[in-house]
Amino acid sequence: MKSGLRVAAGLAVAALAACAARTAVASTVRILPNGADVPLEGGVLALRVVGNDVLRVHFLPAGRASAPALVMAPDAARAPADPVKVRLTNHDVVLRCGALRAVLDRNTKTLELFDGASHEPLLRETDIASLAHGTAQFRFAPHAALYGVHGFDAFQKASSGLLRTGRQLATAGEQGDAGAPFVWSTSGFGVLVDSQKTLFNLSDGALGLLKQTRPDVDVYLIAGAPKRIFAAVADLTGHAPLFPKWSLGFINSQWGMNEQELLRIVRRYRRLRIPLDAFSLDFDWKAWGEDHYGEFRWNTRKFPDGPSGKLDRELSALGVHLIGIMKPRIHVDTVEGRYATTHHLWIPGEKATLDYFSHKPVKTLDFDNPATRKWFFNPVLEHSFETGIVGWWNDEADETGDDKQFLNMERALYDGQRAFTDQRVFSLNRNFWLGAQRYAYGLWSGDIASGFASMAAQRQRMLSAIDVGEMWWGMDGGGFHGHPSGENYARWLEFDAFAPICRVHGGYLQRRQPWIYGVTASRAATHALDLRYRLLPYIYSYAWKDHLSGVGLVRPLLFAWPHDPHLRNDDQAWLFGQWLLVSPVVHRHQGVKHLYLPPGTWTDFFTDQVYRGGATIALPLDEKTWLDIPLFVRQGAIIPMQPLMQYVGEHPVTTLTVQVFPARRATHFDYYDDNGKTYAYERGRYFLQRLGTQARDRAVRLTLGPVRGTYRPPLRQYLFVVHRIQARAVSVDGHELTPAADRAALSGCSNVCWARGRDGAGALTFVELPAGAPHRVRIEEAGRRGGQAPN
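Just so we're clear, the structure is a prediction, and the values are computed from it rather than from any experiment.

*Asks:* What should I look at first to understand the overall build of the protein chain in this one?
*Replies:* A count of helical and extended segments in the protein chain gives 12 helices and 48 strands. Along the first, second and third principal axes, the C-alpha set of the protein chain runs to 105 × 80 × 50 Å. Of the contacts made within the protein chain by residues no fewer than 6 positions apart, 70% connect residues no fewer than 24 positions apart. Of the roughly 29400 Å² that the protein chain leaves accessible, carbon and sulfur atoms contribute 54%.

*Asks:* Explain the pairing of strand 38 (residues 638-641) to me, please; I cannot follow it from the model alone.
*Replies:* Burial along strand 38 is two-sided: Ile638 and Pro640 and Ile639 and Met641, pointing in opposite directions, are all buried. Examined bridge by bridge, strand 38 and strand 39 (residues 655-660) share 4 bridges and lie antiparallel to one another. What sits directly across from isoleucine 638, in strand 39, is valine 660.

*Asks:* It is not clear to me how helix 12 (residues 536-549) should be interpreted in this structure. Could you clarify?
*Replies:* It helps to recall that an α-helix has 3.6 residues per turn; residues three or four apart then point in one direction. Between its terminal C-alpha atoms helix 12 stretches 20 Å, which fits the 20 Å expected from 14 residues at 1.5 Å a residue. In terms of burial, helix 12 is largely enclosed, as 11 of its 14 residues are buried. Within helix 12, the full set of buried residues consists of Leu536, Pro537, Tyr538, Ile539, Tyr540, Ser541, Tyr542, Ala543, Trp544, Asp546 and His547. Phi for glycine 550, located one or two positions after helix 12, is positive at around 80°.

*Asks:* I tried to follow the pairing of strand 39 on my own but got confused; where do I start?
*Replies:* On a regular strand, each side chain points to the face opposite its neighbour's, so the side chains alternate between the two faces of the sheet. Buried residues dominate strand 39, accounting for 5 of its 6 residues. Note that strand 39 and strand 43 (residues 717-723) share 6 bridges and pair parallel. Opposite threonine 657, over in strand 43, you have leucine 719 as the bridge partner.

*Asks:* Would you take a moment to explain the packing of aromatic side chains for this structure?
*Replies:* How two aromatic rings sit relative to each other is set out by the distance from centre to centre and by the angle between their planes. With the rule as written, the count across this model stands at 51 aromatic pairs. With 6.5 Å between their ring centres and 35° between their planes, tyrosine 538 and phenylalanine 576 make a pair best called tilted. Note that tyrosine 538 is positioned in helix 12 and phenylalanine 576 in strand 31 (residues 574-576), a separation of 38 residues in sequence. Residue classification places phenylalanine 576 among the buried residues on the basis of a relative accessible area of 0%. Ring pairing ties together the aromatic residues Trp255, Phe283, Trp288, Tyr356, Phe357 and Tyr508, which thus form one cluster. Over the face of the ring belonging to tyrosine 540 we find lysine 245, whose NZ or CZ atom lies 4.6 Å from the ring centre. It is arginine 503 that lies over the ring of tryptophan 393; its NZ or CZ is 5.3 Å from the centre.

*Asks:* Before we go on, may I ask you to explain the sheet that holds strand 21 (residues 329-331) in this structure?
*Replies:* Sheets are built from strands that pair by backbone hydrogen bonding, the pairs being arranged parallel or antiparallel. Strand order in this open sheet of 3 strands is 21-23-22, and the pairing throughout is antiparallel. Two strands lie at the open edges of the sheet, namely strand 21 and strand 22 (353-354), each paired on one side alone. In terms of strand pairing, strand 21 meets strand 23 (residues 361-364) through 3 bridges, oriented antiparallel. Following the sheet pairing, arginine 329 is matched in strand 23 by threonine 364.

*Asks:* Can you help me understand the sheet that holds strand 10 (residues 136-139) in this one?
*Replies:* Ordered by their spatial adjacency, 9 strands build an open sheet running 5-6-7-8-9-10-16-15-12, and the pairing between neighbours is antiparallel. Pairing within the sheet leaves two strands with one partner each, and these edge strands are strand 5 (85-88) and strand 12 (166-170). With direction set aside, neighbouring strand axes in the sheet form an average angle of 20°. Across 5 bridges, the pairing between strand 15 (residues 198-203) and strand 16 (residues 206-211) is antiparallel. Note on strand 16: the bridge partner recorded for serine 203 is alanine 206.

*Asks:* Sorry if this is basic, but what is going on with the pattern of salt bridges here?
*Replies:* Opposite charge on two side chains permits them to pair, given that their charged atoms come into close proximity. Tallying each qualifying case throughout the model produces 37 salt bridges. Between glutamate 261 and arginine 511 there is a salt bridge, with the nearest N and O atoms lying 2.8 Å from each other. Of this pair, glutamate 261 sits in helix 3 (residues 259-272) while arginine 511 sits in the loop between strand 29 (502-504) and helix 11 (519-534); the two residues are 250 residues apart in sequence, bridging distant segments of the chain. With its nearest N and O atoms 2.6 Å apart, the salt bridge here joins arginine 329 to glutamate 396. Residue arginine 329 is found in strand 21, and its partner glutamate 396 is found in the loop between strand 24 (389-394) and helix 8 (403-420); the two are separated by 67 residues along the sequence. Neither arginine 329 nor glutamate 396 differs from the other in exposure class; each is buried.

*Asks:* Could you clarify how one ought to interpret the packing of helix 11 against helix 12 in this entry?
*Replies:* For any two helices packed against each other, the geometry comes down to the angle between their axes and how far apart the axes lie. Where helix 11 meets helix 12, the closest approach of the two axes is 5 Å, and the angle between their N-to-C directions is 60°. Compared by their axis directions, helix 11 and helix 12 come out oblique. Here Arg532, Tyr533 and Arg534 of helix 11 come into contact with helix 12, specifically with Leu536, Pro537 and Ile539. Split by residue class, the contact of helix 11 with helix 12 holds 4 nonpolar, no polar and 2 charged.

*Asks:* Would you explain the nonpolar core in this entry?
*Replies:* If you look at soluble globular proteins, the nonpolar side chains tend to sit buried side by side. Core analysis: the largest hydrophobic core is formed by 226 residues, its most contacted members being Tyr718 and Phe720. In this structure phenylalanine 720 touches Val658, Val660, Leu691, Leu702, Leu704, Thr765, Phe766, Val767 and Leu769, once residues within four positions along its chain are discounted. Leu557, Leu567, Leu621 and Phe632 belong to the second-largest nonpolar core, a separate cluster that totals 16 residues.

*Asks:* What is the right way to look at the packing of helix 10 (residues 486-496) against helix 11 in this model?
*Replies:* For the pair helix 10 and helix 11, interaxial distance at closest approach is 8 Å and the crossing angle is 0°. On the basis of the axis angle, helix 10 is roughly parallel to helix 11. For the pair formed by helix 10 and helix 11, the contact residues are Gly486, Tyr489, Ala490, Leu493, Glu494 and Asp496 on the first element and Ala521, Ala524, Ala525, Ala528, Leu529 and Arg532 on the second. Residue composition of the contact of helix 10 with helix 11, grouped by class: 8 nonpolar, 1 polar and 3 charged.

*Asks:* I would appreciate a short explanation of the side chain of glutamine 196 in the present structure.
*Replies:* Tracing the backbone shows glutamine 196 in the loop between strand 14 (189-193) and strand 15. Residue classification places glutamine 196 among the buried positions, given a relative accessible area of 14%. Of the polar contacts made by the side chain of glutamine 196, one reaches the backbone nitrogen of leucine 70; its length is 3.4 Å. Excluding residues that lie within four positions of it along the chain, glutamine 196 makes contacts with Ala69, Leu70, Val71, Ala170, Pro181, Thr213, Asp403, Lys404 and Trp433.

*Asks:* Just checking my understanding: could you explain the environment of tyrosine 439 for this structure?
*Replies:* Checked against the element boundaries, tyrosine 439 lands in the loop between strand 26 (432-433) and strand 27 (442-444). On the basis of relative accessible area, tyrosine 439 is assigned to the buried category, the value being 7%. The residues touching tyrosine 439, leaving out its near neighbours within four places in the chain, are Pro241, Leu407, Glu410, Arg411, Tyr414, Asp415 and Ser427.

*Asks:* Hey, could you run me through the confidence of the model for the protein chain in this one?
*Replies:* Looking at the protein chain, pLDDT values average 94 and 95% of them are 70 or higher. Long-range and interchain partners of residues 784-789, a stretch whose pLDDT sits below 50, account for 16 contacts in this model, where long-range means more than four residues apart.

*Asks:* Before we go on, may I ask you to explain the environment of glycine 238 in this structure?
*Replies:* Relative to the elements of secondary structure, glycine 238 occurs in the loop between helix 2 (226-237) and strand 18 (250-254). Other than its neighbours up to four places away in sequence, glycine 238 contacts Ala73, Val233, Gln437 and Arg438.

*Asks:* Is there a simple way to explain helix 10 in this structure?
*Replies:* Buried residues dominate helix 10, accounting for 11 of its 11 residues. Inspection of helix 10 places Gly486, Glu487, Asn488, Tyr489, Ala490, Arg491, Trp492, Leu493, Glu494, Phe495 and Asp496 among the buried residues, and these make up the whole buried set. The inward-facing, buried residues of helix 10 contact strand 18, helix 9 (452-467), strand 29, helix 11 and strand 31.

*Asks:* What's the story with the environment of valine 658 in this structure? I'm lost.
*Replies:* Looking at the element boundaries, valine 658 is found in strand 39. Owing to a relative accessible area of 0%, valine 658 belongs among the buried residues under this scheme. For the pair formed by valine 658 and phenylalanine 432, sequence separation is 226 residues and the distance between their alpha carbons is 35 Å. Beyond its immediate sequence surroundings of up to four residues, valine 658 is in contact with Ile638, Ile639, Pro640, Leu691, Tyr718, Leu719, Phe720 and Val721.

About the thresholds
Residues numbered from 1 in each chain as written. Predicted model: local features only at pLDDT ≥ 70, side-chain atom pairs only at ≥ 80, totals over all residues. Heavy atoms only, no water. Helix = DSSP H or I, 4+ residues; strand = E, 2+ residues; numbered from the N terminus. Contact = heavy atoms within 4.5 Å. Areas by Shrake-Rupley, 256 points an atom, 1.4 Å probe, with all protein chains shown as cover. Buried < 20%, exposed > 50% of the residue type's maximum accessible area, 1.4 Å probe, protein only. Pairing = 2+ DSSP bridges. Expected span 1.5 Å × (residues − 1). Phe/Tyr/Trp six-rings, centres within 6.5 Å; stacked < 30°, edge-to-face > 60°. Lys NZ or Arg CZ within 6 Å of the ring centre and 35° of its normal. Axes fitted to C-alpha atoms, helices over the stretch in contact; angles between N-to-C directions. Salt bridge = Lys/Arg side-chain N within 4 Å of Asp/Glu carboxyl O. Parallel < 35°, antiparallel > 145°, perpendicular 65-115°, else oblique. Nonpolar A, V, L, I, M, F, W, Y, C, P; charged D, E, K, R; others polar. Core = buried A, V, L, I, M, F, W, Y, C linked by side-chain atoms within 4.5 Å. Polar contact = N/O pair within 3.5 Å; in protein donor to acceptor, adjacent residues only side chain to side chain. pLDDT = per-residue confidence, 0-100.

Laid out in structure tokens, this is it:
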């Protein structure tokens, strides 16, 4: 009896002790709806779930926070879509949100991040208290590939490709470089530091944060596949607004010209039927070196009809827009220079120097200063904008060593233009720092050389810029320094046509029009540009995807195949949207291209030859005409195309031809359109319709979903071209249709029609459907031609 009492008493004491321990924990850890505050020596560790895939780890010395760095969006969402569950035990703080799970062991000071049901952490910091000293060491599974941090400037060797290892400094750099305090891995994690210049040490199995610029270390840990990681980065650092649709066409840039030559060139483009949407003007457009705001107004000697708007009206009638160069410096001994002195708009401590073009004293404006940014889009520049300079080519703001200078220069123009008009902003800039994308910010790769070696090196520059979050990248097609051969120019334009921004440019008095390089080169260049213009509905839909989810038109292959070892450092090819793989020819006189195709079924866009992926193919190349572009369609593809035009909006698009390559798995494409000019899409004025397909049970299904948005484009019908299926019967919404004689007969169809046809790979089925309404189509298969059943 006494023994039983002693046991009962012991259990009671233990229970009281456990209760006391839980009370002590509860009194020291502050539980919040989306996280917890945990005391550490010298401050507080704030853990917050700020997105379905994102844990914010913020050490607050003495409980105080400093202002976020410019990399972070001021209006970024800080709450996940899914509910957060916070649980406190004797030793652990556990946070859950959807598939995300974070566990902090308060005894060992170990923080672990998990994704899904895995028992192995994605990231582990075994001494979270090290944040108090401004450092961290996140460990992960060995052999994980690491990306991000920086790109390459115009003159660097890019031999490391896309992978990052060793000590890596995140900086915006200069001459086409790109940077971000951001490291990510195809093993399923990303680390974003809220800081300016940030020093990482990357090794096998460890990511060390060595230096950053804030007293309160603020780190965002992201879980997921590449698309989820970049969606989270866009949520945190800002979503890119849509560029004007014309900027997705071909841009000819030139230094050294006047109004007469400009009009002569544009008219020749139209006469030769070579597509063109914009012309970018260098120093020539402005009254550089003159008093009374010469840096912001037209040069009336070279462009006499600029200030009146007559030139703009002539070019608009030809479908061409103007982009003007802007510099971060102004002349000191001018009205505007004296204003800058009086109002302290210069970079502090900088001395005047002689400008290399005007040979007059200039100083650099301090765009970190809000007063400078407010003044920069001044009434004189407003007039230049109103009379035709509707895009900004920002140059040389990368020479101050300040990662924020270029970002803030374009921020000044973006904020100024948005306050002045609803017309969309477009800009090109010579470096990139993460966060700049929210100011309609394109990057070009600097003053690169002509030649095949330089052209080939642009692949690493483009893909590494995308890897730090700059989805809108372009280059001086043809090279800035030197003069390309006809073959080099032709192959460069084929590369250009499958870059996010399609543009050519050369040094002073260099011409980059296709006809300069001979008939063969001009024909090949025009062929590539024609294809880009036919693909504009596809391209513009991915511009919307970038705005929405942070992943743009061009994607490294490892975005889609993160675990394929062949693609860890592959820069030979990339995805153009989700459904096209391109690998431009970048070597002189190349007769055969050896190219690895990822797993799946691939169709050559031009020859219709079918390839099984997961292997390297030997692709014959045309060394004489240069007309071939290694371009492949991924099975499951849905690719909307428009009739060929010479510029965006030349004709209303009433019919879209939709190329469909059905797979056994269901696939879809979100077709997007809007007016292409204003920010009305932010207010719901857009058109969005999901198109879907699947091959199953000897039939192909096509689906058209309900329309979202209030904009109604001129589009009246879709013409679906379904590849490699011989239809026996077609029904729409349960009603069987009578076939037309052939594709040509569809033009006389008044509503829903179908027909049979063939191409080089076999059978085709054509189905014409009204756009803008939901439909379900079933194509009964008579038999396949030209290859195995799609996968």
